[in-house]
Amino acid sequence: MIADASRLHAEALALVLAGRGYLVQATATTRGGLLRAVAACRPELCLLDLQLLDGRALDAIAQIRRSDPGIGIVALSRELDPDAVVAAAAAGVAGYLGKDKGLELLDRALRTVAAGERFIEPTLAQEALRRARTPDHAEPLHRLTHREHEVLARLAEGDDTIEIARALRMTTSTARTHVQNVLDKLGVHSRLEAVAMAHQADRAAPTGPLGQRAPTGRNGAPHRPDRSV
């Protein structure tokens, strides 16, 4: 389903996404309409603007996550301040990108979240991570193996699990295990927190954990299945 303060924009998105194989079950312009539509339709994905007609959607996002944690929520917003990204992630948003981005990136974000991964627009993620206010976490980074440092570097580039596996020539399950090991060793709960910690260490030491990037080797986007939105 799609929620946006502009009904025209919501309906235009619905038409475009339907043409790309998505089943759009409902649209809404308010937090109340969003919650009612989610309860009635139980969509797989929810695409929404953080600012709806009756206020900010963060509290509604938290309610959706409590009622059905399986719904993937993607924020399509004009709010590009890094603090807004962190607040949205804390509320339960799994994907975040600017409203001015193209349909290809939006499609990629929806497919990534539908697959159970997180997606933050790469340029926005980098800015958020550079400005993240976290304490010095250099010591826990030393616990990572060389391979885990490579995985962390790919996370910093905005890669999802499939892209990490492709770039580092490993299976998806192995990549997922490495990502979880990184989170566990750093004592964080999300990929965003892990990369923020690494960027803090990089600012203190230019040759820090993200000083060397793993090579990229993407061979095209995965097949796009039908999704309900």
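Placed above this text is the structure.
Description of the structure in this document. (Residues numbered from 1 in each chain as written. Predicted model: local features only at pLDDT ≥ 70, side-chain atom pairs only at ≥ 80, totals over all residues. Heavy atoms only, no water.)

**A look at the nonpolar core**
(1) Moving on: Counting 27 residues, the largest nonpolar core has Met-1, Leu-34, Leu-48, Leu-50, Ile-61 and Ile-73 as the members making the most contacts within it.
(2) Moving on: If you list the elements that add at least two residues to this core, you get α2 (31–41), β4 (45–48), α3 (58–67), β7 (72–77) and α4 (82–91).
(3) Moving on: What Leu-34 contacts, discounting residues up to four positions off in sequence, is Met-1, Ala-3, Ala-28, Cys-46, Leu-48, Leu-52, Ala-60 and Ile-64.
(4) Moving on: Counting residues in each nonpolar core, the second largest holds 20 residues, with Leu-152, Leu-155, Met-170 and Ala-198 among its members. (Core = buried A, V, L, I, M, F, W, Y, C linked by side-chain atoms within 4.5 Å. Buried < 20%, exposed > 50% of the residue type's maximum accessible area, 1.4 Å probe, protein only. Helix = DSSP H or I, 4+ residues; strand = E, 2+ residues; numbered from the N terminus. Contact = heavy atoms within 4.5 Å.)

**Brief notes about the packing of α2 against α3**
(1) Moving on: Between α2 and α3, whose axes approach to 10 Å, the crossing angle comes to 15 degrees. Viewed along their axes, α2 and α3 adopt a mutual orientation that is roughly parallel. Here α2 and α3 pass one another in a crossing that is right-handed. When α2 is examined against α3, the residues Arg-31, Leu-34, Leu-35 and Val-38 are found in contact with a partner set consisting of Asp-59, Ala-60, Gln-63 and Ile-64.
(2) Moving on: Grouping the constituent residues of the contact of α2 with α3 by class yields five nonpolar, one polar and two charged. (Axes fitted to C-alpha atoms, helices over the stretch in contact; angles between N-to-C directions. Parallel < 35°, antiparallel > 145°, perpendicular 65-115°, else oblique. Left-handed = near helix turned anticlockwise from the far one by under 90°. Nonpolar A, V, L, I, M, F, W, Y, C, P; charged D, E, K, R; others polar.)

**Observations regarding the layout of surface pockets**
(1) Moving on: Volume-wise, the largest pocket comes out at about 400 Å³.
(2) Moving on: Of all the secondary structure elements, the ones that give two or more residues to the lining of the largest pocket are β7, α5 (103–114) and α10 (172–186).
(3) Moving on: The leading source of residues in the lining of the largest pocket is α10, at four residues. (1 Å grid on protein atoms, 1.4 Å probe; cavity = no way out; pocket = protein on both sides within 12 Å on 5 of 7 lines; lining within 4 Å. Points joined across faces, edges and corners; volume = space filled by probe spheres on them.)

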